[in-house]
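# Structural characterization, general
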Amino acid sequence: MRVLVTNDDGIHAPGLACLERVAAQVGNDVWTVAPETDQSGVAHSMSLNDPLRLREVGKQRFAVRGTPTDCVLMAVRHVLPEPPDLILSGFNKGQNLAEDITYSGTVAAAIEGTILGITSIALSQAYSFAPDIQPPYETAEALAPDLIRTLADLDVPAETLININFPNRAPGAVEGVRVTRQGRRNIDFLTIDKRSDGRGNPYYWLTYNGRPPQPDVGTDLEAVRAGFVSVTPLSIDMTDHACKAKVSEALGLDPDR
Ligand code: MN
């Protein structure tokens, strides 16, 4: 099986090296195409106004000066001799749960893979976000191979990607695996931190509010907090099918055409 590994944390990220080791367990032809620099938070953006610089950094390893989406496009359309059978994006430094999915470059790489018709899985390792603390990537590395083998063999719909999050626990302390739905935080989790530079001028930094949400039962947030691996099938069809009739009615249109 030919496997493409990518991420949004960049070619030098420790989580990428862990996922490359996992990919070598599940596939026999592993390629890595990852961003030159940390692209966390860029979501599904692509570079339309800048050139994409490609740099070979090792055997079947490449860095692209671009976004995770650029990396997948470069890999599939240019770098690999044949399209991959599977795309793995991660292991992201930090969880990608609930609203995170809409900001995540890690998930976006899997979205791009799905659009290109390739089975794609995003993988993220939760951690405390405390300074000088590294995520417990050994947890993701220990538990990912079996999950990936099972999910790669599954004939998921063409619109579907899989989002996996590993809890902030040692491998032996993980409670199990739960299939979940995308959660929603019930707090304002992103805030603006006003700071001062060396000359007293203000600047602003987006920061995560430390207050924990109270997640609904069955969500990715709840599972990871309770120490489970969360596996969420996501659809690239973002239509709110249940709301179509209501919008049609408001516009005086037939909802069935
Ligand atoms: Mn990231």
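The text that follows walks through the structure, step by step, so that each part is easy to find. Just so it is clear, the model here is predicted, and its values are computed rather than measured.

Rules of the game
- Residues numbered from 1 in each chain as written.
- Predicted model: local features only at pLDDT ≥ 70, side-chain atom pairs only at ≥ 80, totals over all residues.
- Heavy atoms only, no water.
- Helix = DSSP H or I, 4+ residues; strand = E, 2+ residues; numbered from the N terminus.
- Rg over C-alpha atoms; globule rule 2.2 N^0.38 Å.
- Buried < 20%, exposed > 50% of the residue type's maximum accessible area, 1.4 Å probe, protein only.
- 1 Å grid on protein atoms, 1.4 Å probe; cavity = no way out; pocket = protein on both sides within 12 Å on 5 of 7 lines; lining within 4 Å.
- Points joined across faces, edges and corners; volume = space filled by probe spheres on them.
- Nonpolar A, V, L, I, M, F, W, Y, C, P; charged D, E, K, R; others polar.
- Pairing = 2+ DSSP bridges.
- Axes fitted to C-alpha atoms, helices over the stretch in contact; angles between N-to-C directions.
- Phe/Tyr/Trp six-rings, centres within 6.5 Å; stacked < 30°, edge-to-face > 60°.
- Lys NZ or Arg CZ within 6 Å of the ring centre and 35° of its normal.
- Left-handed = near helix turned anticlockwise from the far one by under 90°.
- Contact = heavy atoms within 4.5 Å.
- Polar contact = N/O pair within 3.5 Å; in protein donor to acceptor, adjacent residues only side chain to side chain.

### With respect to the overall build of the chain
The secondary structure content of the chain amounts to 7 helices and 11 strands. In terms of overall size, the chain behaves like a compact globule, its C-alpha atoms giving a radius of gyration of 19 Å where 257 residues would be expected to give roughly 18 Å. If one aligns the C-alpha atoms of the chain with their principal axes, the spans along those axes are about 55 × 55 × 45 Å. A burial count over the chain gives 47% of its 257 residues as buried.

### Structural notes on the layout of surface pockets
A volume near 1200 Å³ is recorded for the largest pocket. Looking at the largest pocket, it is lined by 41 residues, and the ones nearest its centre are Gln95, Asp100, Phe129, Arg185 and Tyr208. By residue number, the principal contributor to the lining of the largest pocket is strand β10 (residues 202-208), which donates 4 residues. Across the lining of the largest pocket, the residue classes break down as 17 nonpolar, 14 polar and 10 charged. Here the second largest pocket defines a volume of roughly 440 Å³. For the second largest pocket, the lining is made up of 18 residues, of which Ile101, Thr102, Ile111, Ser235 and Met238 are closest to its centre. Elements with a contribution of two residues or more to the lining of the second largest pocket: α3 (100-103), α4 (105-115) and β11 (228-235). Considering each element in turn, the lining of the second largest pocket owes the most residues, 4 residues, to α4. Classifying every residue of the lining of the second largest pocket gives 10 nonpolar, 7 polar and 1 charged.

### A closer look at helix α7 (residues 241-250)
Counted residue by residue, α7 has 1 buried out of 10 residues, so it is predominantly exposed. Once α7 finishes, Gly252 follows within two positions and takes phi at roughly 70 degrees, a positive value.

### Some details on the sheet that holds strand β1 (residues 2-6)
Ordered by their spatial adjacency, 9 strands build an open sheet running β3-β4-β2-β1-β5-β6-β7-β11-β8, and the pairing between neighbours is mixed. On the outer flanks of this sheet lie β3 (54-58) and β8 (176-179), each paired with one strand and no other. In this sheet, neighbouring strand axes are inclined to one another by 20 degrees on average, regardless of whether the strands run parallel or antiparallel. Pairing of β1 with strand β2 (residues 29-35) involves 4 bridges; the strand directions are parallel. Paired with Val3 across the two strands is Val30, which belongs to β2.

### As for the packing of aromatic side chains
Centre distance and the angle of the planes are the two values used to describe a pair of aromatic rings. Evaluated as defined, the whole model comprises 6 aromatic pairs. Consider the rings of Trp31 and Phe62, whose centres lie 6.5 Å apart with planes at 10 degrees: the pair is stacked. Linking Trp31 in strand β2 with Phe62 in strand β4 (residues 61-64), this pair joins segments that are 31 residues apart in sequence. Just as Trp31 is buried, Phe62 falls in that class too. Judged by centre distance (6.2 Å) and plane angle (20 degrees), the ring pair of Phe189 and Tyr208 falls under stacked. Taken together, the residues Phe189 in the loop between β8 and β9 (190-196) and Tyr208 in strand β10 connect sequence positions 19 residues apart. Put simply, the rings of Tyr127, Phe129, Phe189 and Tyr208 touch in pairs and so form one group of aromatic residues. Its end group placed over the ring of Phe228, Arg178 keeps NZ or CZ at 3.8 Å from the ring centre. Sitting above the plane of the Phe189 ring, Arg185 keeps its charged end 4.5 Å from the centroid.

### Let's talk about the packing of helix α2 (residues 68-79) against α4
Packed helix pairs are specified by the crossing angle of their axes together with the interaxial distance, meaning the distance between the axes. Contact pair α2 / α4: the axes reach a minimum separation of 8 Å and the direction vectors enclose 30 degrees. Handedness of the crossing formed by α2 with α4: right-handed. Along its contact with α2, which presents Pro68, Thr69, Val72 and Leu73, the element α4 presents Gly105, Ala108, Ala109, Glu112 and Gly113. Residues belonging to the contact of α2 with α4 are distributed by class as follows: 5 nonpolar, 3 polar and 1 charged.

### Comments concerning the side chain of Ser230
Counting through the fold element by element, Ser230 comes out in strand β11. Here Thr180 takes part through its side chain, which lies 2.7 Å from a polar atom of the side chain of Ser230.

Everything listed is a geometric property; what it means functionally is a separate question.
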